[in-house]
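Commentary on secondary and tertiary structure
Chain by chain, the residues run as shown.
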Amino acid sequence: MARLIENATIIKAAGEPAKQIEEYIGKVNSHNNEVSIARMISPAGWSEPGQRPEFEEYTVVLKGALEMKFEGSEMTVEAGQAVIVHAGEWVQYSTPGGAEYISVCIPAFSPEKVHRDQE
């Protein structure tokens, strides 16, 4: 039977200045381990440490742009575009001008599986 998710849970984000994560589906809000779906509202100047997650991450940028660094390359993902980051791939996210985006992680995001660089 279908299950309505009435609202998101706000989760503390890594990086500075503070980014808002609204988890709709995932370990915290819906107790789902298979997938997480969250809306990110990221201010201008936000960045987080690099990471090498154990999950696939699918991101759709709704507003602004998401800057991404990889081992040996960089990419800008603008509103209306999407990107896939594969499990085990090193990536660092930032939003110099701010952005709003949807992130889907399979399996679900967890702090134990993100493997962030030491700050």
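Analysis parameters
- Residues numbered from 1 in each chain as written.
- Predicted model: local features only at pLDDT ≥ 70, side-chain atom pairs only at ≥ 80, totals over all residues.
- Heavy atoms only, no water.
- Core = buried A, V, L, I, M, F, W, Y, C linked by side-chain atoms within 4.5 Å.
- Buried < 20%, exposed > 50% of the residue type's maximum accessible area, 1.4 Å probe, protein only.
- Helix = DSSP H or I, 4+ residues; strand = E, 2+ residues; numbered from the N terminus.
- Contact = heavy atoms within 4.5 Å.
- Pairing = 2+ DSSP bridges.
- Lys, Arg positive; Asp, Glu negative; His and termini not counted.
- Salt bridge = Lys/Arg side-chain N within 4 Å of Asp/Glu carboxyl O.
- Polar contact = N/O pair within 3.5 Å; in protein donor to acceptor, adjacent residues only side chain to side chain.

Next up on the list: the nonpolar core. Counting 16 residues, the largest nonpolar core has L66, M68, V77, V85, V91, Y93 and Y101 as the members making the most contacts within it. Within the residue set of this core, elements represented by two or more residues are β3 (36–42), β5 (56–70), β7 (82–85), β8 (91–95) and β9 (99–106). Per-element accounting of this core gives the leading share, four residues, to β5. Other than its neighbours up to four places away in sequence, M68 contacts S73, E74, M75, V77, V83, V85, V91, Q92 and Y93.

Within the element layout of this structure, P53 appears in the loop between β4 (46–47) and β5. Overall, the relative accessible area of 2% leaves P53 in the buried class. Considering only alpha carbons, one finds P53 and K69, 16 residues apart in sequence, at a separation of 14 Å. P53 has contacts with A87, G88, E89, K113 and V114, leaving out every residue within four places of it along the chain.

Before going further, it helps to examine the pairing of β5. Sheet topology note: the β5/β9 ladder contains eight bridges and is antiparallel. Residue E57 lies in a different strand from β9, and its bridge partner there is C105. Bridging between β5 and strand β6 (residues 73–78) involves six bridges; their strand directions are antiparallel. Counterpart to M68 in the pairing with β6 is M75. Here β5 runs beside β8; their pairing, made up of four bridges, is antiparallel. When the sheet's bridge partners are listed, F70 is paired in β8 with V91.

Turning our attention to the side chain of E23. Take E23: it is sitting in strand β2 (residues 20–25). For the buried E23, no salt bridge is present, and the opposite-charge side chain at shortest range is K27, 9.1 Å distant. For E23, the side chain forms a polar contact with the main-chain nitrogen of N29, separated by 2.6 Å. Each residue touching E23, except ones within four places of it in the same chain, is listed here: A8, T9, I11, V28, N29, S30, I37 and A38.

We now examine the pairing of β3. When a strand is regular, its side chains alternate between the sheet's two faces. Burial of β3 is one-sided: the residues S36, A38, M40 and S42 facing one way are buried, the residues I37, R39 and I41 facing the other way are not. Sheet topology places β2 next to β3; five bridges connect them, and they run antiparallel. Bridge assignment links E23 to a residue of β3, and that residue is A38. Of the strand pairs in this sheet, β3 and β9 are connected by seven bridges, and their pairing is antiparallel. Residue pairing for β9: I41 is matched across the bridge by E100.

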